[in-house]
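In case you want the letters, here they are:
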Amino acid sequence: MPIIRVALNVPVDTLFDYQADDASDRDIGLRACVPFGNKRATGIIIAVGTETAVPIEKLKSAHGIFREIAPLAPVLLALFQFCSQYYHHPLGMVVMNSLPALLRNNKSIKLNHTVQHPYSLTELGRQITAEHIPSRHRIARRLLVAFQASVLTFHQIKQISPRAPKLLPEWLQSGWIVERPLELTTVTKTHKPLLTVEQAGAVAAIAAGLGRFDVWLLHGVTGSGKTEIYLRLIELALAQSKQTLVLIPEINLTPQLETVFRARFPDILLANLHSGRNDTERLTGWLKAQRGEAKIILGTRLAVFTPLPDLGLVIVDEEHDGSFKQQDGLRYSARDLAIFRARQMAIPVVLGSATPSLESYFNAINGRYQHIRLASRAMQNAALPTVHCIDTRIHKSRDGLTEPLMKALDQCLENKQQSLVFINRRGYAPVLLCKSCGWTAICQRCSSRLVVHLRDQKLSCHHCGHQERFPRACPQCGNQDIEPFGHGTQRVEDTLVKHFPSARILRIDRDSTRRKNAWHDILHAIHTQQVDILVGTQLLAKGHDFPNLSLVGILNADSSLYSTDFRASERLFAQLMQVAGRAGRANIPGHVMIQTEFPDHSLYQALQRHDYDALAQTLLAERKTAGFPPYVYQALLRAEAHDIRAVLDFLDQAKQLAQSLETVELFDPVPAHMVRLKGLERGHVLVQSASRKHLQAFLTGWHAKLMTLPGQKVRWVLDVDPLEF
Ligand code: ADP
Ligand code: ZN
Ligand code: ZN
């Protein structure tokens, strides 16, 4: 009697056995619906056998096996296994959370419910004439004629003849037709620019390594043309009929990149799996990837779990970006899993960045990764911007802006060039303060201050979303003289409006981009020169290309210089390099002005010289002395409950259970940097080791013991390679 072993989405480290009369080895990787408790649950079949440790009278029968889509391939199951072991997360939860939502429920998939785009002739297809088709194939000839006249939907094809759809797979296979969204059927293929010497060198080096595992750190200054390098490599992968997985950070860049890719490869099926897709779109893209039809898979974090039978190349753009790490549930790093996938398939993975993470940089200078540098901008005449510090101890700021910056903005307006004022804090002011007793408005659910949103007359918590009305008087002393303190984007916007009444000013932050199509409108306004001054947060910093932007002003960056978070400097530097990189990308030279109290700080000094290496070396030396990553590997046992006492008690108990190892250092329980979040209090125990292997061995043993602790009021999770504390 066949028995299937199923991974279910439940928080225990076991698989579940069921009897399934019709099961065979071929069913491994398929979904099965099974009884679980008094409910139904759907999981993935991991093994099929005849033996089980479950007593026969307790063994239940599966409700059924879903066979409408192909099983998950063994390499994908191996990825899930690795992920489960490395992040110490139950296999069933890893598998089920990575699947498109529609595959998680207890129903079979109706394939005609997936999104279908119309079909159109490819370049090759347009060269086909009726003579190429034998005259007895009347339907094929009719279909070709119809295609020559227009783009056709599946429905229209069926109307030509009920048998016409049967021709589609073969025509797709031969590259005569392609399925693509209607709005893209008219894209004109863009021509390829001549590569710069640096670009050509990078392409040649990586191309020579196609078909072999290597991690390539593509370390190129902003504007060095990394995208073009990706395009050339994808072209080479396509020539071998291979798939390329392109991972990008959780930002609004996907539409832009998608357009670039589609324009270069109009006849290639591209699946876009970014986080904004709905369930059906996600499933459709996933299935096309699984069938090998989608050749380019563009997506955010979760796309790293897509089935890719013909994977030939992996690209992780902006590899340093924190959004590649999932911050709840399964806390995986999509960048690191991308590297694992490349190793599995023996193919190259390209990590692109102007400011690599220190981990990747460290691996590159130690020779574990291949290091490719691009030192100059790709476009002729586009030089890196000049960077100046404005000493705010000398130049006092009024309403957040100093005289020299104001003058520079004025000059820019006169020259009819765009400028950008960067302040990484949205809202009007970060603090509401009572001048007489010192009271500040704080969130009841988080250990954070409420941010003043003057326009809506509201106070808002940027951590939990809590909002409240603006108080009329100080709740503590009754004083009516309560004032916003400090600056946010809205306040800077107001100041600029006052100073430059004729300038067209546009604010870009999470509040101003919430509306649907907001991004589209904003980018359009910028590109058509309907904006003079942009005010914005880091939303603006990444990846965007604004050819007429010549000045960037940076406010309030100092607060990250002396943070308790050891990664704060690395992040600040990356962010400022990115913002600075927006200036002078085309023909006009760019200038960056930083308002700071610490103009001599090594971080600003490095920024002025565009010297990533200098800062990286300084930071690495600090990390080495302090014993921080990349010199050690870390993991956190995180716990949360309604009361920090319970959290710390639990963590104490957990620490007792740990086996002490000489090579693994275990710290005392401490409250999290931000203790209260969304009404829960949080703490952690840090574990670290110079050996990843020893750390992993320790965690495996510890995790097993933690699982035996009786159910508590405390929720806990292991976070391997944590980024936040
Ligand atoms: P990065 O991602 O490295 O910051 P991009 O890929 O955005 O840089 O390229 C910056 C600009 O340079 C873009 O406008 C791009 O079209 C242009 N570009 C890239 N390669 C070339 C080239 N070989 N010749 C001319 N322009 C190029
Ligand atoms: Zn008061
Ligand atoms: Zn809050």
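None of the values given here were measured: they were computed from a predicted structure.

Section: the packing of helix 7 (residues 197-208) against helix 8 (residues 226-239)
- Two elements in contact, helix 7 and helix 8, have axes whose closest approach is 10 Å; the angle formed by their N-to-C orientations is 35°. Considering only the axes of helix 7 and helix 8, their crossing is right-handed. When helix 7 is examined against helix 8, the residues Gln199, Ala202, Val203, Ile206 and Ala207 are found in contact with a partner set consisting of Glu228, Ile229, Arg232, Leu233 and Leu236.
- Of the residues belonging to the contact of helix 7 with helix 8, the class tally is seven nonpolar, one polar and two charged.

Notes on the sheet that holds strand 1 (residues 3-7)
- Sheet architecture is open: five strands sit in the order 2-1-4-3-5, paired in antiparallel fashion. The sheet is open, and its two edges are formed by strand 2 (16-19) and strand 5 (64-66), each paired on a single side. On average, each strand axis in the sheet is tilted by 45° relative to the strand beside it, whichever way the strands run.
- The pairing of strand 3 (residues 31-36) with strand 4 (residues 39-49) spans six bridges and is classified as antiparallel. Residue pairing for strand 4: Phe36 is matched across the bridge by Lys39.
- The strands touched by helix 2 (residues 91-98) are strand 1 and strand 4; relative to strand 4, the strand with the most contacts, the crossing angle is about 110°.

Observations regarding the sheet that holds strand 23 (residues 533-536)
- Reading across from one edge, 15-25-24-16-23-22 is the order of the six strands in this open sheet, with parallel pairing throughout. Only two strands of the sheet have a single neighbouring strand rather than two, namely strand 15 (386-391) and strand 22 (505-508). The sheet shows a mean angle of 20° between the axes of neighbouring strands, taken without regard to direction.
- In the sheet, strand 16 (residues 418-422) pairs with strand 23 via four bridges, with the strands oriented parallel. What sits directly across from Phe422, in strand 23, is Gly536.
- Contacts from helix 13 (residues 403-414) reach strand 15, strand 16, strand 23, strand 24 (549-554) and strand 25 (591-596), with the element oriented near 160° to strand 24.

Side note on the coordination of the zinc ion (ligand 3)
- The protein atoms that coordinate the zinc ion (ligand 3) are Cys443 (SG), Cys446 (SG), Cys461 (SG) and Cys464 (SG), at distances of 2.3 to 2.4 Å.
- Taken together, the four donor atoms coordinating the zinc ion (ligand 3) span angles of 105 to 115° at the metal, a pattern that classifies the geometry as tetrahedral.
- Going along the chain, you hit the donors of the zinc ion (ligand 3) in the pattern C-x2-C-x14-C-x2-C.
- We classify Cys443 as buried; its relative accessible area is 4%.
- Residue classification places Cys446 among the buried residues on the basis of a relative accessible area of 3%.

Regarding the coordination of the zinc ion (ligand 2)
- Here the zinc ion (ligand 2) is held by Cys434 (SG), Cys437 (SG), Cys474 (SG) and Cys477 (SG), and the distances to it run 2.3 to 2.4 Å.
- Here the zinc ion (ligand 2) is ringed by four donor atoms whose angles at the metal span 106 to 114°, and the overall shape comes out tetrahedral.
- When the donor residues of the zinc ion (ligand 2) are listed from N- to C-terminus, their spacing reads C-x2-C-x36-C-x2-C. With Cys434 in strand 17 (residues 431-434) and Cys477 in the loop between strand 20 (467-469) and strand 21 (482-485), this residue pair connects regions lying 43 residues apart in the sequence.
- Cys434 gets classed as buried once you look at its relative accessible area, which sits at 1%.
- According to the relative accessible area criterion, Cys477 is partly exposed, its value standing at 40%.

With respect to the packing of aromatic side chains
- Within this structure, the stated rule accounts for 15 aromatic pairs.
- Both rings, one in Phe147 and one in Trp171, keep their centres 6.3 Å apart while their planes meet at 40°; by these two values the pair is tilted. Residue Phe147 is located in helix 4 (residues 138-149), and its partner Trp171 is located in helix 6 (residues 168-173); the two are separated by 24 residues in the primary sequence.
- Relative accessible area serves as the criterion here: at 4%, Trp171 is assigned to the buried category.
- A network of ring pairs unites the aromatic residues Phe82, Tyr86, Tyr87 and Phe340 as a single cluster.

Section: empty space enclosed by the protein
- One pass over the full model with this rule turns up five cavities of 30 Å³ or more.
- As a volume, the largest cavity reaches approximately 90 Å³.
- Per-class residue counts for the lining of the largest cavity are eight nonpolar, three polar and no charged.

Description of the site of ligand 1
- What surrounds ligand 1 is a group of 17 residues, the closest being Leu194, Gln199, Gly223, Lys226 and Thr227.
- Between ligand 1 and Ser224, the relevant distance is 3.3 Å, taken from an oxygen atom to a main-chain nitrogen or oxygen of the residue.
- Isolated, ligand 1 exposes 560 Å² of accessible area, and the fraction of that covered by the protein chains is 74%.
- Sorting elements by how many residues they give to the shell around ligand 1 places helix 8 first, with three residues.
- By residue class, the composition of the shell around ligand 1 is six nonpolar, seven polar and four charged.

The rules behind these values
One numbering rule holds for all chains: residues counted from 1, following each sequence as written. A letter from A marks each chain and a number from 1 marks each ligand, given out in the order of writing. Predicted model: local features are reported for residues with pLDDT of at least 70 only, side-chain atom pairs are reported and counted for 80 or more only, and whole-chain, interface and lining totals are derived from all residues. The side-chain numbers reported here are obtained from all heavy atoms of the structure, hydrogens and water having been left aside. Angles here are taken between N-to-C directions and fall from 0 to 180 degrees, while the axes themselves are lines fitted to C-alpha atoms, restricted in helices to the stretch in contact. Elements are defined by DSSP. Helices are runs of H or I of four residues or more, strands are runs of E of two residues or more, and each kind is numbered from the N terminus. Each crossing gets its hand from how the near helix is turned against the far one by less than a right angle, where anticlockwise is left-handed and clockwise is right-handed. By definition, residues are in contact when any of their heavy atoms lie within 4.5 Å. Classes in brief: Ala, Val, Leu, Ile, Met, Phe, Trp, Tyr, Cys and Pro nonpolar; Asp, Glu, Lys and Arg charged; the others, Gly included, polar. A pair of strands is treated as paired once DSSP finds two or more bridges between them. With water omitted from the atoms examined, metal sites may look incomplete; donors here are N, O and S atoms no farther than 2.8 Å from the metal, or 3.2 Å in the case of Na, K and Ca. Key to geometry: four donors with every angle between 85 and 135 degrees are tetrahedral; four donors are square planar and six octahedral where opposite donors lie over 155 degrees apart and all remaining angles lie between 65 and 115; all other sites are irregular. Per-residue accessibility, obtained with a 1.4 Å probe over protein chains only, is compared with the maximum for each type, and a residue is labelled buried under 20%, exposed over 50%, and partly exposed between these values. Any two of the Phe, Tyr and Trp rings considered here, Trp counted by its six-membered ring, make a pair once their centres fall within 6.5 Å; the pair's planes then place it as stacked at under 30 degrees, edge-to-face at over 60, or tilted in between. Each cavity reported here is a set of points on a 1 Å grid over the protein atoms alone in which a 1.4 Å probe fits but cannot get out, each pocket an open set with protein on both sides within 12 Å along at least five of seven lines, and each lining residue one with an atom within 4 Å of a point. Grid points are joined across faces, edges and corners, and a volume is the space filled by probe spheres set on the points. Whether a residue is near a molecule or strand is decided by its heavy atoms; if any one of them lies within 4 Å of it, the residue is near. Polar contacts, as used here, are pairs of N or O atoms within 3.5 Å; protein pairs need one atom able to donate a hydrogen and one able to accept it. Residues neighboring in sequence count only if both atoms are side-chain atoms. The accessible surface values rely on the Shrake-Rupley method and a 1.4 Å probe; as for residues, cover is taken only from the protein chains in view.

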